[in-house]
Number of protein chains: 2
Amino acid sequence: MSVGIVTAQSRTFESGIRLDSGRLLAPITLVYETYGHLNASRSNAILVEHAWTGDAHLAGKHREEDTKPGWWDAIVGPGRLLDTDRYFVICSNVIGSCHGSTGPTSINPKTGKRYNLAFPVITVRDMVRAQKLLIDALGIEKLLCVMGGSMGGMQALEWATQHPGSVASAIMLATTPRPSPQAISLNAVARWAIFNDPTWRKGEYKHNPKDGLALARGIGHITFLSDESMNTKFGRRFSAKDGQFDFFGQFEVERYLNYNGYNFVDRFDANSFLYLAKALDLYDVALGYESLAEAFAPVAAPVQFFAFTSDWLYPAYQTEEMVECLRGLGKPVEYHLITSAYGHDAFLLEHETFTPLVRDFFARVEQSGAL
Amino acid sequence: MSVGIVTAQSRTFESGIRLDSGRLLAPITLVYETYGHLNASRSNAILVEHAWTGDAHLAGKHREEDTKPGWWDAIVGPGRLLDTDRYFVICSNVIGSCHGSTGPTSINPKTGKRYNLAFPVITVRDMVRAQKLLIDALGIEKLLCVMGGSMGGMQALEWATQHPGSVASAIMLATTPRPSPQAISLNAVARWAIFNDPTWRKGEYKHNPKDGLALARGIGHITFLSDESMNTKFGRRFSAKDGQFDFFGQFEVERYLNYNGYNFVDRFDANSFLYLAKALDLYDVALGYESLAEAFAPVAAPVQFFAFTSDWLYPAYQTEEMVECLRGLGKPVEYHLITSAYGHDAFLLEHETFTPLVRDFFARVEQSGAL
């Protein structure tokens, strides 16, 4: 069942946070949504982390007339995996984003104007530092679970390693301890597409630089799909509108990337896209440690990992490196490699496959009395 | 041994060719180089086909002071795989290119100006139609071998299927019967990068649109390498010149793509890049046939295929589809899957691995008296 109509909330933390870069970001506003009710012992809170271009609107609708529910509605609601009759589910927009939390589109208190490129470079660790303020403010000492895919998985990893006392379990889907140089390269050319757009003006635009941002999204979109899913969905079909020998004639897959790229311009800010791409590329769970094992040493909570066979952005072997390291440390770790054709996007689409596995994991976590 | 100093030649065919699109391209000039000597029976000619941004300068140097030899110099020369003491080796620049053969930078006889986008869309089959004029003009009835990688492999496939009486053998490396929608998508975003460059002006530029073309090349470059080769070559090293938290700070791999992208602008024309990208995407060895088996039915020559484990642009399974089809038809086909970390570029770099296998293949072809 759907959670129904929901309303976004926000909190502002005047003192902000000290970032990995050494800079201070203050104040910080976080936009978030919650579903279900926090129990008396404050022990039923699940924090869901969103990916790159996601937002706090995880489930339900803001208004009856909304055509689409929140981005992971399929798993949140009464009777669903994140059962709002039992759990208090929280989703908070990350800093750096353009969906309400403090980011490059926010007003810089020093100038009274939008930050734009005056916004500091942030890391995934910084995103979680900011979230920690929110979880503290909600009076939650320990989250029952933190869960996320892709950049959301990186945030869950940060909770498990940097705030081990604050999480009773963590679930990471389609993520990586650090993006490979190939993944960095694909973000690099996406950035380059925006830098090339003369209307970007080094971030000082009035209107989103549409051609550059649409192309950047097109590049990203390719990395979210797979060879196999593109074969199934588009094959080599040529657009019915075009002649095969027209210079500007398009394959259907080409038209699809184009169409979705330009749609993206209406819902995401180019500077936010750049800051979050940077945070993704800089991500390294072992940043500041000698080794992955050292970074994972503090992990206390049971953790569950999912990787997907056709995910070539953050391939399974990268998850498996973490699983093996945690096993070597004797940590309680569970790993599932899901056969899927959906590529990186599988973490959003394969919920029917992972739901029973996550339910079992929750049952074990709750039985173990980890809270 | 090197072939030493070589000189490019050219031939013009006034009557041109009728293209797959139905349009006439005339006149056609082809620039080519040859190495070694054609024997009296004209039976020792090997045609080497270049890839997307390659040219006719296969081996040797044009001038003593050239810093680099031709693009596949390692396999051409006295005592080398394509032994110029025994073979007459030919390499011809494809139509559509900007390295001497007729392409969008050539003068359109109808207007007296550069073709630019008035140049017709061409296919790989058209490239080979044009080459056939050259091979005929050289008085060669049957090539001992036609050999190429990537787009060069597509051309070799066209010789084997469309001109089966004209080739005694064919060798295809790192190629595909038809690029996948994923490969098409990656070319599509490269095209888009050029279209987005305001200096491209729908092909009517005075100076190559550098930002768009450099980015397009950067995207292509990613597809030529592999996850593994990038890990080995760059890892996640950050440029020593930049701070990790600088907005414009670059990873080394990012700087490398940038640097090489802008270098590419000096040596390749943006419109040619677009026309050849289109030819790659449109490529389908079975174009005009009901099936791959029907397209392969005329194949008469022994064929040898090489695929490379880390090639994700034209993955091995695509070559294997052809190998299985030819085996099913009872054709003489040989296949080698080479373990390599070099990605698609492996076909240029793994010559030490494939040289003995090609030598054996040549020996069998010559013993069989296929000529």
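Residues numbered from 1 in each chain as written. Chains lettered and ligands numbered in written order. Predicted model: local features only at pLDDT ≥ 70, side-chain atom pairs only at ≥ 80, totals over all residues. Heavy atoms only, no water.

### Side note on the overall build of chain A
Stage number 1. Check the secondary structure of chain A and you find eleven helices and twelve strands.
Stage number 2. The globule rule puts the C-alpha radius of gyration for 371 residues at 21 Å, and the 20 Å found for chain A is close to it.
Stage number 3. Relative to its full complement of 371 residues, chain A shows a buried share of 61%.
Stage number 4. Here the analysis covers contacts within chain A between residues at least 6 apart in sequence; of these, 73% occur between residues at least 24 apart.
Stage number 5. Within the structure as shown, chain A displays about 13800 Å² of accessible surface, and the carbon and sulfur contribution to it stands at 50%.
Stage number 6. Each charge sign in chain A was given a centre, from 34 positive and 40 negative side chains, and these centres are 6 Å apart. (Helix = DSSP H or I, 4+ residues; strand = E, 2+ residues; numbered from the N terminus. Rg over C-alpha atoms; globule rule 2.2 N^0.38 Å. Buried < 20%, exposed > 50% of the residue type's maximum accessible area, 1.4 Å probe, protein only. Contact = heavy atoms within 4.5 Å. Areas by Shrake-Rupley, 256 points an atom, 1.4 Å probe, with all protein chains shown as cover. Lys, Arg positive; Asp, Glu negative; His and termini not counted. Charge placed at Lys NZ, Arg CZ, Asp CG, Glu CD.)

### Focus on the relation of the copies chain A and chain B
Stage number 1. If you rotate chain A by 180° and push it 0.0 Å along the axis, it lands on chain B with an RMSD of 0.0 Å. Such a combination of rotation and displacement between the chain copies is what one expects of a two-fold axis. Proximity to the rotation axis, assessed at the C-alpha, singles out A193(A) in chain A; its C-alpha lies 3.4 Å from the axis.
Stage number 2. Of the interface residues in chain A, 100% have counterparts in chain B that sit at the interface too, so the contact is made through matching surfaces. (Least-squares fit on C-alpha atoms with pLDDT ≥ 70 in both.)

### Here's the deal with the packing of aromatic side chains
Stage number 1. Applying the stated criterion across every chain yields a total of 43 aromatic pairs over all chains.
Stage number 2. Each ring, one from F195(A) and one from F248(B), has its centre 5.2 Å from the other, and the planes form 55°; the classification is tilted. Taken together, the residues span two chains, with F195(A) in helix α3 (residues 181-195) and F248(B) in the loop between α5 (227-233) and α6 (252-264).
Stage number 3. Given a relative accessible area of 40%, F248(B) falls into the partly exposed group.
Stage number 4. Judged by centre distance (6.5 Å) and plane angle (20°), the rings of W200(A) and F247(B) are stacked. Taken together, the positions of W200(A) in the loop between α3 and α4 (210-224) and F247(B) in the loop between α5 and α6 put the pair across two chains. (Phe/Tyr/Trp six-rings, centres within 6.5 Å; stacked < 30°, edge-to-face > 60°.)

### Some points on the pairing of strand β9 (residues 145-149) of chain A
Residues and elements named next belong to chain A.
Stage number 1. Within β9, five of the five residues are buried, which leaves the element mostly enclosed by the surrounding structure.
Stage number 2. Side chains C145, M147 and G149 of β9 all project onto a buried face; the interleaved residues V146 and G148 project onto the opposite face, where all are buried too.
Stage number 3. Relative to β9, strand β5 (residues 45-49) is paired through four bridges, and the arrangement is parallel. Each bridged residue has a counterpart across the sheet, and for I46 the counterpart in β9 is C145.
Stage number 4. When β9 meets strand β10 (residues 170-173), the two strands line up parallel, connected through four bridges. Bridged to M147 within β10 is I171.
Stage number 5. Considered for its hand, the β-α-β crossover made up of β9, helix α2 (residues 151-162) and β10 is right-handed. (Pairing = 2+ DSSP bridges. Right-handed = clockwise from strand over helix to strand, strands pointing away.)

### A few points about the interface of chain A and chain B
Stage number 1. Facing the 60 residues of chain A at the interface are 60 residues of chain B.
Stage number 2. Overall, the association of chain A and chain B removes approximately 5000 Å² of surface from exposure, summing both partners, and the carbon and sulfur fraction of that is 69%.
Stage number 3. Among the residues chain A hides against chain B, the three largest losses belong to W192(A), R236(A) and F247(A). Together they make up 17% of the total.
Stage number 4. In this structure, the salt-bridge partner of E254(B) is R191(A), at a minimum N-O distance of 3.1 Å.
Stage number 5. The tally of links between chain A and chain B comes to 22 residue pairs in polar contact (both at pLDDT 80 or more).
Stage number 6. Sorting elements by how many residues they give to the side of chain A that touches chain B places α3(A) first, with eleven residues. (Buried area = accessible area lost by both parts, 1.4 Å probe. Salt bridge = Lys/Arg side-chain N within 4 Å of Asp/Glu carboxyl O. Polar contact = N/O pair within 3.5 Å; in protein donor to acceptor, adjacent residues only side chain to side chain.)

### A look at the UniProt feature "domain: AB hydrolase-1" (unreviewed entry) in chain A
Stage number 1. Feature annotation in UniProt places "domain: AB hydrolase-1" (unreviewed entry) on residues 45-349 of chain A, given in this structure's numbering.
Stage number 2. The distance from the first to the last C-alpha atom of residues 45-349 of chain A is 24 Å, and the span holds 36% helix and 11% strand. (UniProt positions renumbered as here; feature names shortened; annotations may be inferred.)

### Details of the nonpolar core
Stage number 1. If you look at the biggest cluster of nonpolar residues, it comprises 187 residues, and the most contacted ones within it are I90(A), I95(A), F305(A), I95(B) and F305(B).
Stage number 2. Residues contacting F305(A), with those up to four places away along its chain left out, are L157(A), M172(A), T319(A), M322(A), V323(A), L326(A), V333(A), E334(A), Y335(A) and H336(A). (Core = buried A, V, L, I, M, F, W, Y, C linked by side-chain atoms within 4.5 Å.)

### A few points about the sheet that holds strand β5 (residues 45-49) of chain B
All names here are of chain B.
Stage number 1. Across the sheet, which stays open at both edges, the eight strands sit in the order β1-β4-β6-β5-β9-β10-β11-β12 with mixed pairing between neighbours. Taken across any chain shown, the strands that pair with only one partner, and hence form the sheet edges, are β1 (9-13) and β12 (333-338). Going from strand to strand, the sheet's axes swing by 20° on average, the running direction of each strand aside.
Stage number 2. Of the strands in this sheet, β5, β9 (145-149), β10 (170-173), β11 (303-308) and β12 touch helix α11 (residues 351-367), which is tilted by about 170° from β11. (Axes fitted to C-alpha atoms, helices over the stretch in contact; angles between N-to-C directions.)

### Here's the deal with the pattern of salt bridges
All names here are of chain A.
Stage number 1. For the coordinates displayed, the defined rule picks out 32 salt bridges over all chains.
Stage number 2. Residue D66 pairs with R63 through a salt bridge whose shortest N-O separation is 3.1 Å.
Stage number 3. For D281, the salt bridge identified is with R191, shortest N-O distance 2.5 Å. Taken together, the residues D281 in helix α7 (residues 270-282) and R191 in helix α3 connect sequence positions 90 residues apart.
Stage number 4. Accessibility expressed as a relative area gives 1% for D281, which makes it buried.
Stage number 5. Through salt bridges with shared partners, one network takes in D20, D126 and R129.

### A word on the UniProt feature "binding site: substrate" (unreviewed entry) in chain A
All names here are of chain A.
Stage number 1. As recorded in UniProt, the feature "binding site: substrate" (unreviewed entry) lies at R217 and D345. Annotated residues spanning 129 residues; largest pairwise C-alpha distance 14.3 Å, indicating a single compact cluster.
Stage number 2. Secondary-structure assignment places R217 in helix α4.
Stage number 3. Discounting residues that sit within four places of it in the chain, R217 has contacts with T53, F224, N260, G261, F264, R267 and F273.
Stage number 4. Among the structural elements, D345 can be located in the loop between β12 (333-338) and α10 (346-349).
Stage number 5. If we ignore the near neighbours within four places in the chain, the residues touching D345 are F224 and L225.

### Focus: unusual backbone geometry
Residue and element names in this part refer to chain A.
Stage number 1. Along the chain, A26 connects to P27 via a cis peptide bond; the corresponding omega equals -10°.
Stage number 2. Of note in the backbone geometry, N116 takes a positive phi value of approximately 50° without being a glycine.
Stage number 3. Residue placement: N116 occurs in the loop between β8 (113-114) and α1 (124-137).

### Things to note about the sheet that holds β12(A)
All names here are of chain A.
Stage number 1. Strand order across the open sheet formed by eight strands is β1-β4-β6-β5-β9-β10-β11-β12, with mixed pairing between neighbours. Whereas interior strands pair on both sides, the edge strands pair on one side only; in this sheet they are β1 (9-13) and β12. Looking at each pair of strands side by side, their axes are set apart by 20° on average, direction ignored.
Stage number 2. Docked against the sheet, helix α9 (residues 316-328) engages β11 (303-308) and β12, running at close to 160° with respect to β12.
Stage number 3. Strand contacts of helix α11 (residues 351-367): β5, β9, β10, β11 and β12, with the helix running at about 170° to β11, the strand carrying the most contacts.

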